[in-house]
Amino acid sequence: MTKSSELDLSVNPEPSASGSSVSRGSRSAARKAEAARAGRKNPLAVLFTMLAVGGMFAVIGLPAYAVNPVDSATTTDVSSLPAQSVVAASVGADTVVSARDGFTATTPEELAAEKLAAETLAAQQASAAALVSSYVYNDPGVRAAGDDYPFNGMGTGLSALRYYMGECTDFVAWRLNRDAGSTGAPWKWDWSNLTPGGGSANQWISAWNSHGWPVSGTPVAGAVAVTEYMHVAYVKEVRGDGTVLIEEYNFGNYHQYGQRVISAGSATYLYPPG
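Our subject in this report is the structure included herewith.

About the cut-offs
Residues numbered from 1 in each chain as written. Predicted model: local features only at pLDDT ≥ 70, side-chain atom pairs only at ≥ 80, totals over all residues. Heavy atoms only, no water. Pairing = 2+ DSSP bridges. Helix = DSSP H or I, 4+ residues; strand = E, 2+ residues; numbered from the N terminus. Contact = heavy atoms within 4.5 Å. Axes fitted to C-alpha atoms, helices over the stretch in contact; angles between N-to-C directions. Expected span 1.5 Å × (residues − 1). Buried < 20%, exposed > 50% of the residue type's maximum accessible area, 1.4 Å probe, protein only. Phe/Tyr/Trp six-rings, centres within 6.5 Å; stacked < 30°, edge-to-face > 60°. Lys NZ or Arg CZ within 6 Å of the ring centre and 35° of its normal.

This part covers the sheet that holds strand β4 (residues 243-249). One open sheet accounts for 6 strands, arranged β1-β6-β2-β3-β4-β5; its pairing is antiparallel. Strands at the two margins of the open sheet, each flanked by one partner only, are β1 (215-216) and β5 (257-263). In terms of strand pairing, β1 meets strand β6 (residues 268-270) through 2 bridges, oriented antiparallel. Residue Ser 216 lies in a different strand from β6, and its bridge partner there is Tyr 269. Sitting on the sheet, helix α6 (residues 168-179) is in contact with β2 (224-227), β3 (231-238), β4 and β5, with an inclination near 40° to β3. Running at roughly 50° to β6, helix α8 (residues 204-211) makes contact with β1, β2, β3 and β6 of the sheet.

The end-to-end C-alpha separation of α6 is 17 Å, in line with the 16 Å expected for 12 residues at 1.5 Å each. For α6, a buried count of 11 out of 12 residues is recorded, marking the element as mostly surrounded by other parts of the structure. Those residues of α6 lying buried are Cys 168, Thr 169, Asp 170, Phe 171, Val 172, Ala 173, Trp 174, Arg 175, Leu 176, Asn 177 and Arg 178. Looking at the packing, one finds that the buried side of α6 touches α7 (191-194), α8, β2, β3, β4 and β5. Gly 181 sits one or two positions beyond α6 and adopts a positive phi of about 85°.

Our next topic: the pairing of β4. Of all 7 residues making up β4, 7 are buried, and the element is well covered by its neighbours. When β3 meets β4, the two strands line up antiparallel, connected through 4 bridges. Note on β4: the bridge partner recorded for Val 235 is Ile 246. Joining the antiparallel neighbours β3 and β4 is a turn of 4 residues, in which Gly 242 adopts a positive phi near 90°. Sheet topology places β4 next to β5; 7 bridges connect them, and they run antiparallel. Bridge assignment links Leu 245 to a residue of β5, and that residue is Val 261.

Under the defined criterion, the tally for this structure stands at 12 aromatic pairs. Seen from their ring centres, Tyr 163 and Trp 204 are 5.9 Å apart, and the 40° between their planes marks the pair as tilted. Of this pair, Tyr 163 sits in the loop between α5 (108-134) and α6 while Trp 204 sits in helix α8, and the two are 41 residues apart along the sequence. Classification of Tyr 163 by relative accessible area gives buried; the value is 2%. Seen from their ring centres, Trp 174 and Trp 187 are 6.2 Å apart, and the 80° between their planes marks the pair as edge-to-face. Placement of Trp 174 in helix α6 and of Trp 187 in the loop between α6 and α7 is noted, with a sequence separation of 13 residues between them. An aromatic cluster is present here, built from Tyr 149, Phe 151, Phe 171, Trp 174, Trp 187, Tyr 249 and Tyr 257 joined pairwise through their rings. In this structure, Arg 175 is placed above the aromatic ring of Tyr 234, and the distance from its NZ or CZ to the ring centre is 4.9 Å. The ring centre of Phe 251 lies 3.7 Å from the NZ or CZ of Arg 260, which sits over that ring.

Right, let's get into the pairing of β2. Side chains Val 224 and Val 226 of β2 all project onto a buried face; the interleaved residues Ala 225 and Thr 227 project onto the opposite face, where all are buried too. In this sheet, β3 lies alongside β2 in antiparallel orientation, the contact comprising 4 bridges. Residue pairing in the sheet places Thr 227 in a bridge with His 231 of β3. Joining the antiparallel neighbours β2 and β3 is a turn of 3 residues, in which Tyr 229 adopts a positive phi near 60°. Pairing between β2 and β6: 3 bridges, direction antiparallel. Considered in β6, the bridge of Val 224 is made with Leu 270.

Before going further, it helps to spend a moment on the side chain of Ser 182. Relative to the assigned elements, Ser 182 resides in the loop between α6 and α7. Overall, the relative accessible area of 8% leaves Ser 182 in the buried class.

So, on to the environment of Gly 258. By secondary structure assignment, the location of Gly 258 is in strand β5. Filtering out sequence-adjacent residues up to four positions away, Gly 258 remains in contact with Ile 246, Glu 247 and Glu 248.

Set out below in structure tokens:
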């Protein structure tokens, strides 16, 4: 009887009302314990979170120059570098202004000088034009068209006119004296007052300019013609066709007299002085 009751109880137990109440209480307590464990945070996770947040604020607070991406292993020690020198070229203020602006302004003094030069040139041209229109050649004698040079054949030294005898310059100096009525000492013109800067033919134009005597491209009878190779000759006649008959010494014929015809534009003309 007793065994049968125990067997029946084991096969089909029938919970009592008090047993069901205990089972429900156990399950409720288990759920509360699990919820408590879930709500409780891991201390290690909390510590890591705090460290990460603090590091972020520390990085934000750093100044910009505190960041140095260069590897310290590759940084050069500046104390080991050789000394360097800087050489500055000396540049004047004029050079700087010229390089900056590319041009310079004309000063009032330069403008005044240019104006004076233009006025002087205009006066000289007007004087030359007046001389051309008023000049009259006076033929002094029978030998005017031929060789009337008084120092021919007298050697090669200086003549009384202080140019070398037989040269083109001495012949022209003679003709200027002759046309001025001076045929003997004291001579009106010689080296000292015609071309005191030098006796060569290539110095006659500059001498005329220095004296302020007319220099022109228009030929007149009695003028000095400065031709090619810095040779001087005497203008005998200006022809109607525009050519010029000149007389000369020492041109293609050593220390001898000659004549030839040239074009008017092939020479510069020095009008008789005085």
